[in-house]
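Here's the letter readout for the chains.
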Amino acid sequence: MIAGPPTSNVATMTITDAVTGPPSSIFGTDCSNWQKTILFQVLSNAVNFTTHSKEATAMELAVMAVSLFDRSWEEALDTIASHGVRLVEPCGGGHIPKLHYDPIVLASDQDALSRFKETIDERGLEICAFGCHGNPLHPDPKHQRSVHEDFVATCRIAGQFGVPRVDLLSGCPAGGPNDTTPNWIINSIYPTFKSAYR
């Protein structure tokens, strides 16, 4: 199921309906073309996957709460619920600022964890995964420890909630034994970057 952004007329539908219907049925008329393109690529892939399985099923989309860091946790949840979305991925720790919650605090404070859970339950929402995106392979040992501690705490929280998924990054190591920063060389459209592979 999908829901439109805050400025659109919200529509909830199956992915098949979304792909075959007009873009305005998802976003409203005030959405940019690149947003339409991205969502239609996602939905088309989902339709291709589900229609080639034995039973076609609808895919339910969730909101990654880091996209709502411009508001408090409660306001973010209110926004999500008001648009008919049921699933949310809370994000905190690693390189994500701990604006909505601190996984280490929640893992060590049962009262704080209970209050956090209440904010989800009272709005009829469900956590599909916890997000703790960092770089566990960073060449700085202090950075590694911090990311690892956030990850372990997030796993404990997920266990308390009965959430089977924690989303994270695999990490990016140094390029050599004496490097102090991660080595992030990717394939590029820029011809001069090709020398990095030599």
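To be clear, the structure that these remarks concern was listed above.
Every chain is numbered independently, its residues counted from 1 as its sequence is written. For this predicted model, a pLDDT threshold of at least 70 governs which residues receive local features, and a threshold of 80 or more governs which side-chain atom pairs are given and counted, while totals over whole chains, interfaces and linings are taken from all residues. Side-chain measures were taken over the full set of non-hydrogen atoms in the model, leaving aside hydrogen atoms and water.

A short note on the packing of aromatic side chains
Part 1 of the argument: We call Phe, Tyr and Trp rings a pair once their centres come within 6.5 Å, taking the six-membered ring for Trp, and we label the pair stacked below 30 degrees between planes, edge-to-face above 60, and tilted otherwise. All chains considered together, the criterion is met by five aromatic pairs.
Part 2 of the argument: Arranged with centres 6.3 Å apart and planes meeting at 75°, the rings of tyrosine 101 and phenylalanine 130 form a pair that is edge-to-face. Highlighted residues: tyrosine 101 in the loop between strand S2 (87-89) and helix H5 (103-108) and phenylalanine 130 in strand S4 (residues 130-131), separated in sequence by 29 residues.
Part 3 of the argument: Connected via pairs of aromatic rings, a cluster forms that spans Trp73, Tyr101, Phe116, Phe130 and Phe161. Helix and strand definitions here come from DSSP, where helices need a minimum of 4 consecutive H or I residues and strands a minimum of 2 consecutive E residues; each element is numbered from the N-terminal end.

Observations concerning helix H7 (residues 141-161)
Part 1 of the argument: Expected span of a helix: the number of residues minus one, times 1.5 Å. For H7, built from 21 residues, the straight-helix expectation of 30 Å at 1.5 Å per residue is met to within 8% by its first-to-last C-alpha distance of 30 Å.
Part 2 of the argument: By the burial criterion, the buried members of H7 are Val147, Asp150, Ala153, Thr154, Ile157, Ala158 and Phe161. Buried residues in H7, looked at end-on, bunch into an arc of 145°, giving them a common side. Opposite its buried face, H7 presents the exposed residues Arg156, Gly159 and Gln160, each directed more than 90 degrees away.
Part 3 of the argument: Contacts described as polar in this section are N or O atom pairs within 3.5 Å, which, within protein, must combine one atom able to donate a hydrogen with one able to accept it, while residues neighboring in sequence count only if both atoms come from side chains. The distance from a side-chain oxygen at the start of H7 to the backbone nitrogen of lysine 142 is 3.1 Å, and the residue carrying that oxygen is aspartate 140. The cut-offs for exposure are 20% and 50% of the maximum accessible area for each residue type, with area from a 1.4 Å probe on protein chains only; residues under the lower value are buried, those over the upper are exposed, and the others partly exposed. Directions are taken from the helix axis to each C-beta atom, and the arc is the one they span.

Points about the pattern of salt bridges
Part 1 of the argument: The term salt bridge refers to a side-chain nitrogen of Lys or Arg lying within 4 Å of a carboxyl oxygen of Asp or Glu. With the rule as written, the count across this model stands at eight salt bridges.
Part 2 of the argument: For glutamate 122, the salt bridge goes to arginine 123, with nearest N and O atoms at 3.1 Å.
Part 3 of the argument: Connected through salt bridges with shared partners, the residues Glu60, Arg86 and Glu126 form a single ionic network.

Some details on helix H6 (residues 110-121)
Part 1 of the argument: The terminal C-alpha atoms of H6 lie 16 Å apart, and with twelve residues this matches the ideal 16 Å at 1.5 Å per residue to within 8%.
Part 2 of the argument: Only heavy atoms matter for contacts: two residues are in contact if any of them lie within 4.5 Å across the pair. Looking at the buried residues of H6, the elements they touch are helix H4 (73-82), S2, H5, strand S3 (126-127), S4 and H7.
Part 3 of the argument: Its side-chain oxygen 3.0 Å from the backbone nitrogen of aspartate 111, aspartate 109 forms the N-cap of H6.

Quick word on the nonpolar core
Part 1 of the argument: Nine residue types can take part in a nonpolar core, namely buried Ala, Val, Leu, Ile, Met, Phe, Trp, Tyr and Cys, and a core is a set of them joined through side-chain atoms within 4.5 Å. Grouped together as the largest cluster of nonpolar side chains are 22 residues, with contacts concentrated most on Phe116, Ile127, Phe130 and Phe161.
Part 2 of the argument: Looking at this core, the elements that each hand over two or more residues are H4, H6 and H7.
Part 3 of the argument: Excluding residues within four positions of it along the chain, phenylalanine 161 makes contact with Leu113, Phe116, Lys117, Ile127 and Phe130.

A short note on the sheet that holds strand S1 (residues 62-64)
Part 1 of the argument: For two strands to count as paired, DSSP must find a minimum of two bridges between them. Judged by pairing direction, the sheet is parallel, and its three strands sit side by side in the order S1-S2-S3 without closing on themselves. Each having just a single partner strand, S1 and S3 make up the two edges of the open sheet.
Part 2 of the argument: As paired strands, S2 and S3 are joined by two bridges and run parallel to one another. Bridge assignment links valine 88 to a residue of S3, and that residue is isoleucine 127.

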